[in-house]
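What the coordinates show
Here is what each chain is made of, one letter per residue.
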Amino acid sequence: MYSNSNSFGSAGLSPRLGVGALRGLPEDVTRPPFTPGSLGTGIVHLGCGAFHRAHQALITQHAMSATGDRRWGISTVAMSRPDVVGALRAQDNLYTTLLRDEGVVRAEVVGAITAAVHAPSDRIGVVRRVADPRVRIVTLTVTTGGYCLAPSGRLDSGSDPVRHDLRCSAKPCTAIGMLVGGLAAVRRRGGTPPVVISCDNLSANGRQLRSAVLDFAALRDDRLANWIGRNVQFPCSVVDRIVASGADTDDAAARTRLGGVDDRAQVSAEPFMTWTIENFEGERPRWDLVGADYVGDVTGHELAKLRLLNGTHLLLAYVGALAGYSTIAEASADPALSALARQFMLYEQGPTLTLAETELQRTVRDLMRRFRNPDIRHEMTRVGRNGSDKMLPRVTAAMRENLAAGRPTPAAILLIAAWIHWFDLCGTPKAPGQIIDPRAAELARLAAIPDPHRRARAFVARTDIFGVLPHLGHVQQEVGDALTELIRDNVSEVIERRLRPEFVGRVA
Ligand code: CS2
């Protein structure tokens, strides 16, 4: 049931966003182009975080608006935290995206979500939704850990969540178990399965997802695995939009922009947005009319995105936090960090890509501008979380190529040393923030090794995190040297020692 305009936030002061509040919003706030509640549900999304709300859900609303085809409402699933589900339900599944740049805030209320589901409270319901005949697309943003993959790239069948889902397939707790449960139900009724599109920042995301799903299905029933292998498409896709971490200041900005209306599910993001999807067959919203592109192969695009944008985010987060900055925008406005970031992209990540020199220069310029957007509070602790999953695709895959080609990698070395130093400082007053990482407990043990060079050696030897690096002994020595300097010296001095002469003292 919809709330009415008398619904108030818990403070009791501001009215809460909901269908009843739409009419009273300021004129320049864009409303959903259809009556919320009039949509069919053609999409299930696993991972209802800020990124999903500022990206796929928004562009799905735009696609429905462009064509009038209203079959593409989204049943969105929060995989662990209940708060966003509670907030959406209290707001008739409405929320606002604020696209912010240079002081301009474009506000749009999104009404593309038809249901918000908290997976741990309704595991059977999630499987049913995936299997619903009207659902033609399942999208995912569940982070790398959500794919349940071992370093070999195959399903980590020994992990507790996977073992749980194999034992208890009707009530799965992993995204993989939910997908396989839903697909098994489609097969039982002889239906057409949905297309499953990964939107996570990992290499060959569709192929990795397919491999996890097939491995899991084969452990249940070989015939199911064969059927999925023959009938279900898992196109790779590359998403791009920088989305804020969801700070209280953004809630306040949203309230101002909404004329005093309270929105507990708002998201702030940059205006820039792309979505590159591998061609697939079947019905889908006309995302291509509103910013998405279909291509035969996403690989080149994916490597450029992961290595230039996401890799440099890690550099700015790990080194920038040690310099005392808390957001990407603050760090990239610092001359030494900005020079390091540009050098990293132009001389370490760039040479491993197929981009032409002018294209690389232009991309680096555009990225530095996007990173500096002061209206987006993208916090270091958020970008830096799950570093042990992010290191290989974003940093050391390129580093490996550079080392093999004899190219120096001073920025990547410093990035790794800074990451190790986060673990050193954990629990001390100088800690850059709480460390959230799937391997945090094991890495804390390595961080207890007193000698920085021995500590660096132990971290860098972890092939499950960094992959297999050529000249390993040399890399370990350099990371140990950088770690020693970070402990002893001022961060900007440590950076400047690693800058090429043309970058020293030059502000872009
Ligand atoms: C960031 C990404 O937190 C992170 O890991 O690097 O969320 C990044 O902002 C997006 O991929 C941009 O498209």
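Residues numbered from 1 in each chain as written. Predicted model: local features only at pLDDT ≥ 70, side-chain atom pairs only at ≥ 80, totals over all residues. Heavy atoms only, no water.

Another point: unusual backbone geometry. The phi dihedral of Asp92 falls on the positive side, at around 55°, and the residue is not glycine. The class of Asp92 is buried, set by a relative accessible area of 8%. (Buried < 20%, exposed > 50% of the residue type's maximum accessible area, 1.4 Å probe, protein only.)

What follows deals with the packing of aromatic side chains. Across all of its chains, the model carries eight aromatic pairs by this definition. Seen in terms of ring centroids, Tyr347 and Phe503 are 6.0 Å apart; in terms of plane orientation they differ by 90°. Their pairing is edge-to-face. On the criterion of sequence distance, the pair formed by Tyr347 in helix α13 (residues 335-349) and Phe503 in the segment after α22 (491-496) is long-range, its members being 156 residues apart. Its relative accessible area of 4% is what places Phe503 among the buried residues. Relative to Phe466, the ring of Trp419 has its centre 6.0 Å away and its plane inclined at 80°; by these criteria the two rings are edge-to-face. Here Trp419, found in helix α17 (residues 410-425), pairs with Phe466, found in helix α20 (residues 463-466); they are 47 residues apart in sequence, far enough to count as distant. The buried category is assigned to Phe466, whose relative accessible area is 0%. Put simply, the rings of Trp419, Phe423, Phe459 and Phe466 pair up and form one aromatic cluster. Taking NZ or CZ as reference, Arg284 lies 5.0 Å from the ring centre of Tyr294, over its face. Arg500 extends its terminal NZ or CZ atom over the ring of Tyr347, reaching a point 3.6 Å from the ring centre. (Phe/Tyr/Trp six-rings, centres within 6.5 Å; stacked < 30°, edge-to-face > 60°. Helix = DSSP H or I, 4+ residues; strand = E, 2+ residues; numbered from the N terminus. Lys NZ or Arg CZ within 6 Å of the ring centre and 35° of its normal.)

Within this structure, the stated rule accounts for 31 salt bridges. Among the salt bridges present, the one from Asp240 reaches Arg370, with a minimum N-O distance of 2.9 Å. Note that Asp240 is positioned in strand β8 (residues 237-240) and Arg370 in helix α14 (residues 357-371), a separation of 130 residues in sequence. Among the residues examined, Asp240 registers a relative accessible area of 9% and is labelled buried. A relative accessible area of 10% places Arg370 in the buried class. Measuring nitrogen to oxygen at the nearest pair gives 3.3 Å for the salt bridge that ties Arg255 to Asp262. Bridged by salt links that share partners, the residues Glu485, Arg488, Asp489, Glu493, Arg497 and Arg498 form one connected network. (Salt bridge = Lys/Arg side-chain N within 4 Å of Asp/Glu carboxyl O.)

Take the site of the ligand next. The full set close to the ligand counts 13 residues, and Asn201, Asp240, Lys305, His313 and Arg394 are the nearest of them. In this structure, Lys390 approaches the ligand through a side-chain N or O atom, which is 3.0 Å from an oxygen atom. In the model, an oxygen atom of the ligand is placed 2.9 Å from a nitrogen or oxygen of the Arg394 side chain. For the ligand, whose accessible area on its own is 340 Å², the fraction buried by protein is 90%. When residues of the shell around the ligand are traced back to their parent elements, those giving at least two are β8, α11 (299-322) and α16 (387-404). Tallying contributions element by element places α11 first for the shell around the ligand, with four residues. Among the residues making up the shell around the ligand, the classes are represented as four nonpolar, four polar and five charged. When residues are assigned to domains, the shell around the ligand turns out to be shared by domain 2 (124-240) and domain 3 (299-503), each giving three or more. (Near = heavy atom within 4 Å. Polar contact = N/O pair within 3.5 Å; in protein donor to acceptor, adjacent residues only side chain to side chain. Areas by Shrake-Rupley, 256 points an atom, 1.4 Å probe, with all protein chains shown as cover. Nonpolar A, V, L, I, M, F, W, Y, C, P; charged D, E, K, R; others polar. Domains from an automatic or database assignment.)

This next bit is on the domain arrangement of the chain. Accessible area lost upon the coming together of the parts is a frequently used measure of interface size. As far as domains go, the chain holds domain 1 (1-36 + 50-72 + 79-113 + 242-280), domain 2 (124-240) and domain 3 (299-503). Using only C-alpha atoms to locate each centre, domain 1 and domain 2 end up separated by 28 Å. At the junction of the two partners, domain 1 supplies 14 residues and domain 2 supplies 20 residues. On the domain 1 side of the interface with domain 2, the three residues burying the most area are Met79, Glu278 and Phe280, jointly 40% of the side's total. Summed over the shared surface of domain 1 and domain 2, the number is one salt bridge. Where Glu278 meets Arg207, a salt bridge forms, and the shortest distance between an N and an O atom there is 3.8 Å. Linking domain 1 with domain 2 are four residue pairs in polar contact (both at pLDDT 80 or more), by the criterion used here. Contributions of two or more residues to the side of domain 1 that touches domain 2 are made by α2 (50-54) and β10 (274-278). A per-element tally of the side of domain 1 that touches domain 2 places β10 first, with five residues. (Contact = heavy atoms within 4.5 Å. Buried area = accessible area lost by both parts, 1.4 Å probe.)

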